[in-house]
Amino acid sequence: LSSFLMKKIITLVLLIITTSIYAAPTYQNIPGISAQDNQRIKQTLEKYEDYKGRKVATFDADGTVIGQVPYYLADVAIFDYALNHTGKKLDLIKNMTSGSNTSNDYLTQRIDYLSGLTPQEITDLGNKTFNKYFKGKIYPNIKMLIQNLKNYGFEVWIISASPELLYQGVLSRELDIPVTHIIGTKSVVSNGITTNKIVLPVPQDDGKADAIETIIKAKPILAAGNSQSDVEMLNYSSILKVIIKLLVVVVHVLR
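Residues numbered from 1 in each chain as written. Predicted model: local features only at pLDDT ≥ 70, side-chain atom pairs only at ≥ 80, totals over all residues. Heavy atoms only, no water.

**So, the overall build of the protein**
Link 1 in the chain: Assigned secondary structure in the protein consists of 10 helices and seven strands.
Link 2 in the chain: Looking at the 255 residues of the protein, the share that counts as buried comes to 47%.
Link 3 in the chain: The long-range fraction of contacts in the protein, counting pairs at least 24 apart against all pairs at least 6 apart in sequence, stands at 66%.
Link 4 in the chain: With an accessible surface of roughly 12,900 Å², the protein has 57% of that area assigned to carbon and sulfur atoms. (Helix = DSSP H or I, 4+ residues; strand = E, 2+ residues; numbered from the N terminus. Buried < 20%, exposed > 50% of the residue type's maximum accessible area, 1.4 Å probe, protein only. Contact = heavy atoms within 4.5 Å. Areas by Shrake-Rupley, 256 points an atom, 1.4 Å probe, with all protein chains shown as cover.)

Here is the structure:
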């Protein structure tokens, strides 16, 4: 065969291989979401299928991805740990039981209580708490939404005000996303031990939008949350805002 003909055959074979390998993603309708909202999400994912820029979606953790029973995983982990370590920072635990778990003081107290442990010990505590109290509490419809996003090439990120190390191991495994895509309140680690020094921004309220700009460095196309502290993150989304109604787990998609 001539070299020209050989090149044509090779090109044709490569074209056939490439065509057979590529399969267009399929959208799975999500239970608990109206047909209209499913269509909105589907149309957005299809619109961005060939988008060359970064495709980012951000989710809150407690009450959005993980069901509360009725407390946040972070609170259950810390108080369960305190019951088994009754001498550890008792005054701090007493203060925590009387405060709001969404206040800035409370967020600081969580980090303060966990300081002195290694990052692995905190990660192990998060895993142990999830397995004991939260197994099966990942909302299946939100998990399906996340899978749809991944099918269409989206980066999925979790933005939570809870201590980052408690959630990274759990959510990375349960959602099959990189551990670095779980962002929470970070504490400085020094000589292998966590300290009570907090790394800014704290991803609470407007700090969630700050964390996206500082760490992710790309505006989300979709953002999902369930509480007042998620409003700034939701408003920062360029296209879709997904609001989770606690208990009923109804999802409203807003433009």
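So that's the structure; there's more coming.
**Things to note about the pairing of strand β6 (residues 240-245)**
Link 1 in the chain: Judged from the four bridges that link them, strand β5 (residues 222-225) and β6 form a sheet pairing that is parallel. Bridged to Gly-225 within β6 is Ile-243.
Link 2 in the chain: With helix α10 (residues 231-236) bridging β5 and the parallel β6, this β-α-β connection has right-handed handedness. (Pairing = 2+ DSSP bridges. Right-handed = clockwise from strand over helix to strand, strands pointing away.)

**What to know about unusual backbone geometry**
Link 1 in the chain: Between Leu-200 and Pro-201 the backbone carries a cis peptide bond, its omega angle lying at 0°.
Link 2 in the chain: By the secondary structure assignment, Pro-201 is in the loop between β4 (193-199) and α9 (206-216).
Link 3 in the chain: In this structure, Lys-89 takes a positive phi of about 50° despite not being glycine.
Link 4 in the chain: Looking at the secondary structure, you find Lys-89 in the loop between α3 (73-84) and α4 (90-97).
Link 5 in the chain: Residue Lys-89 is classed as partly exposed on the basis of its relative accessible area, which comes to 28%.
Link 6 in the chain: One non-glycine residue, Asn-191, adopts positive backbone phi at about 55°.
Link 7 in the chain: Tracing the sequence through the fold places Asn-191 in the loop between β3 (182-190) and β4.

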